[in-house]
Amino acid sequence: MVVATVALFSLVAWLIYGRPFPVWTVIRNALLLDASINGAFWSLQMEVWGSLLVIFCFLAERRLGLWIVWALAVGLGASSFLRFALSGAYQNGMYYTFLAGYLVAATPRPALKLPPAVAWIVLAVALVAFYWAHHRGPVVKQWLLLLTTISSALIVLVFSTRGFRNVLQQPALAWLGTISYSFYAVHGLGVDMAQSAAGWLTPVRLPHAAVVAALFSVTALASVLITIPMHYLVERNGLALGAWLKRILGLMRQPRAAVTSVARS
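Computed from a predicted model, the values in this text were never measured in an experiment.

Asker: Break down the overall build of the chain for me, citing the residues and quoting the values.
Answerer: In terms of regular secondary structure, the chain is built from eleven helices and zero strands. Scanning the chain from its N terminus toward the C terminus, one meets helices and strands in the order α-α-α-α-α-α-α-α-α-α-α. Residues classed as buried in the chain amount to 28% of the 265 residues present. A separation of at least 24 residues holds for 64% of the contacts in the chain among residues at least 6 apart in sequence. Carbon and sulfur atoms make up 70% of the accessible area of the chain, which amounts to about 17,300 Å² in all.

Here's what the structure looks like:
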C-alpha cells in the first residue's frame, strides 16, 4: 500500500504538476525512510517504531506482568515534557500513546461493564475533551497530546462495553472503517485538489462559510473517489497476498507432501 501510494503521488506530481521527484527520493519514500512525497506518512513511520514498542511490551508483560506496561507508559508520558522531546522532533514525545491503546486492550473484560448512564457520561466528557484539545491548537505535544490520548482511550473503552460495542457495526460505518486506511493514505491528493479549487473560487467572492464548505466537500469527495479503487485494487489484494504468504510459510514447516498438495490446489 505504501509503495502504491508513493507511486501514485509521484505520478500525479509528474503528469499534473510537472514536478517529477528524483528516483532516489521516490525509493526512500517507498521504503518509509522519508515522508516528503506524502506528508501523512510521517505517522506511519512512527507507527513502525510504535509497533516494535508494543511487541516489546507484550514480551515483557508475559514475563513481568502488566505493571511493566504501566511503568513504561507513565515514564514515556513524563519524558514527553522534557527538553529532549521539546527541542527535537515532536515524535520523540508521542510513543506513550501506543501504550495507552495497549492498556485499554489489556483491560480485563469484567472491568468494562459500565452502567449505561456512566458510559454515556464518560463518552460525552471524552468527546468534549478530545475536540477542545483540537480547538486549542496542534495536538502533537505536551498537555494537549496527553489530553487527546486520555480522551481517545476513554472513547475506545466505552465502545468496548457491552452496550456500545455494536454501535459501530452499522453497515455504513463498517464500510467507512474498512476503507479508512486507504483514505488516510491518499487524502493528501484531495487536499491538493481543494487548494487548487481555492484559486478558482477566489474571483467568485462567495461567503467565507460557503467557500469552506465547498473546499471541504472537494477534499472529501476527491479523497473518497481515489480511496475506493486504492482499497479494492491495492489494499485488499495486498492483504490477500500477505495471507497467502503467511499460509505458505506456515506450510513450509510441515512435511513436503503437504506443501506440494496445497501448492497444486
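Asker: Run through the packing of aromatic side chains, naming residues and quoting values.
Answerer: Considering all chains together, one arrives at seven aromatic pairs under this definition. Centroid distance Phe81 to Trp143: 4.9 Å. Interplanar angle 55°. Geometry classified as tilted. Of this pair, Phe81 sits in the loop between helix H4 (67–79) and helix H5 (83–87) while Trp143 is found in helix H8 (residues 142–159), placing the two residues 62 residues apart along the sequence. For Phe81, a relative accessible area of 26% puts it in the partly exposed group. Note on Trp143: relative accessible area 61%, which makes it exposed. For the pair Phe130 and Tyr131, a centre-to-centre distance of 5.1 Å together with 80° between the ring planes defines the contact as edge-to-face. An aromatic cluster of at least three residues, connected via ring pairs, comprises Phe41, Tyr181 and Tyr184.

Asker: Give a description of helix H3 (residues 41–64) that names residues and reports values.
Answerer: In this model, H3 (24 residues) spans 34 Å end to end at C-alpha, consistent with the 34 Å of a helix rising 1.5 Å per residue. Every buried residue of H3 is accounted for by Phe41, Ser43, Leu44, Met46, Gly50, Leu53, Cys57 and Ala60. Residues of H3 that are buried make contact with helix H1 (2–15), H4, helix H6 (96–106) and helix H9 (171–201). Remark: Gly65 follows H3 within two positions and exhibits a positive phi of approximately 105°.

Asker: Please set out the packing of H3 against H6 residue by residue, giving values where relevant.
Answerer: At a minimum axis separation of 9 Å, H3 and H6 run at an interaxial angle of 45°. Taken together, H3 and H6 sit at an angle that is classed as oblique. Read as a crossing pair, H3 and H6 show a hand that is right-handed. Across the interface between the two elements, Met46, Glu47, Gly50, Leu53, Val54, Cys57, Phe58 and Glu61 of H3 pack against Phe98, Leu99 and Tyr102 of H6. For the contact of H3 with H6, the per-class residue count stands at eight nonpolar, one polar and two charged.

Scoring rules and cut-offs
Residues numbered from 1 in each chain as written. Predicted model: local features only at pLDDT ≥ 70, side-chain atom pairs only at ≥ 80, totals over all residues. Heavy atoms only, no water. Helix = DSSP H or I, 4+ residues; strand = E, 2+ residues; numbered from the N terminus. Buried < 20%, exposed > 50% of the residue type's maximum accessible area, 1.4 Å probe, protein only. Contact = heavy atoms within 4.5 Å. Areas by Shrake-Rupley, 256 points an atom, 1.4 Å probe, with all protein chains shown as cover. Phe/Tyr/Trp six-rings, centres within 6.5 Å; stacked < 30°, edge-to-face > 60°. Expected span 1.5 Å × (residues − 1). Axes fitted to C-alpha atoms, helices over the stretch in contact; angles between N-to-C directions. Parallel < 35°, antiparallel > 145°, perpendicular 65-115°, else oblique. Left-handed = near helix turned anticlockwise from the far one by under 90°. Nonpolar A, V, L, I, M, F, W, Y, C, P; charged D, E, K, R; others polar.

That's the geometry; what it means functionally is another story.
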